[in-house]
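# Per-entry structural report
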Amino acid sequence: MPKDSLKTRLEIAKNKLSKKNLYKNEEVPSSIGTAFKLSTELVSAVAVGTIIGFILDKTFGTKPWLILIFFFVGVVAGIINVFRSAKNMQK
């Protein structure tokens, strides 16, 4: 087997291996960072929902109903975001 053919085959094999291991060179996020990210997503969704409910309550004068409704919408949206992020982290 000629040396050029062997070098070519080694280069092709190295390229395939490096494409498969794209994420191995990156640092794995710490557990504290991951927990902070997930908790921030949950809290921010609840806060945004509550603020939207507060603004709509002030506009329409339906105090406290829209705050409560949008609070729970924010909770549901936050939980969905946390599940989605956790699912993406497992890949």
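Owing to the predicted nature of the structure, the values given are computational and were not obtained by experimental measurement.

## A word on the UniProt feature "transmembrane region" (unreviewed entry) in the protein
Residues annotated in UniProt with the feature "transmembrane region" (unreviewed entry) correspond here to residues 38-56 and 62-83. For residues 38-56, the helix share is 100%, the strand share is 0%, and the end-to-end C-alpha distance is 28 Å.

## Side note on helix H2 (residues 31-60)
For H2, with 30 residues, the first-to-last C-alpha span of 44 Å sits near the 44 Å given by 1.5 Å per residue. Among the residues of H2, Thr 34, Leu 38, Ala 45, Val 46, Gly 49, Gly 53 and Asp 57 are the ones counted as buried. Backbone geometry just downstream of H2 places Gly 61 in the positive-phi region, at approximately 70°.

## A short note on a nonpolar patch on the surface
Residues Trp 65, Leu 68, Ile 69, Phe 71, Phe 72 and Val 73 make up a contiguous nonpolar surface patch of roughly 620 Å² in combined accessible area. Position of Trp 65 relative to the elements: it lies in helix H3 (residues 65-90). Judged by relative accessible area, which is 58%, Trp 65 ranks as exposed.

## Comments concerning the side chain of Thr 34
With respect to the element layout, Thr 34 can be found in helix H2. For Thr 34, a relative accessible area of 19% puts it in the buried group. Within the local environment of Thr 34, its side chain forms a polar contact with the backbone oxygen of Ser 30, the two atoms lying 3.0 Å apart. Excluding its chain neighbours within four sequence positions, the residues that come into contact with Thr 34 are Pro 29 and Met 89.

The rules behind each value
Residue indices follow the written sequence of each chain, beginning from 1 at its first position. Reporting in this predicted model follows two pLDDT cut-offs: at least 70 for local features of residues, and 80 or more for side-chain atom pairs to be given and counted; totals over whole chains, interfaces and linings ignore these cut-offs and use all residues. Hydrogens are left out, water is left out, and the side-chain values use all remaining heavy atoms of the structure. UniProt positions are given in the numbering used here, feature names are shortened, and annotations may be inferred rather than shown by experiment. The way it works is that DSSP assigns letters per residue, a run of H or I at least four long becomes a helix, a run of E at least two long becomes a strand, and they are numbered from the N terminus. Expected span of a helix: the number of residues minus one, times 1.5 Å. Buried, partly exposed and exposed residues are distinguished by accessible area as a fraction of the type maximum, computed with a 1.4 Å probe on protein chains only: under 20%, between the cut-offs, and over 50%, respectively. Residues forming no salt bridge and having over 30% relative accessible area are the ones grouped into patches, like charges within 9 Å of each other and nonpolar side chains (Val, Leu, Ile, Met, Phe, Trp, Tyr) within 5 Å. Residue exposure ignores everything except the shown protein chains as possible cover, and the areas themselves are Shrake-Rupley values with a 1.4 Å probe. Definition used for salt bridges: Asp or Glu carboxyl oxygen within 4 Å of a side-chain nitrogen of Lys or Arg. For this analysis, a polar contact is any N or O atom pair within 3.5 Å, provided that within protein one partner can donate a hydrogen and the other can accept it, and provided that sequence-adjacent residues contribute only side-chain to side-chain pairs. Pairs of residues are marked as contacts when any of their non-hydrogen atoms sit within 4.5 Å.

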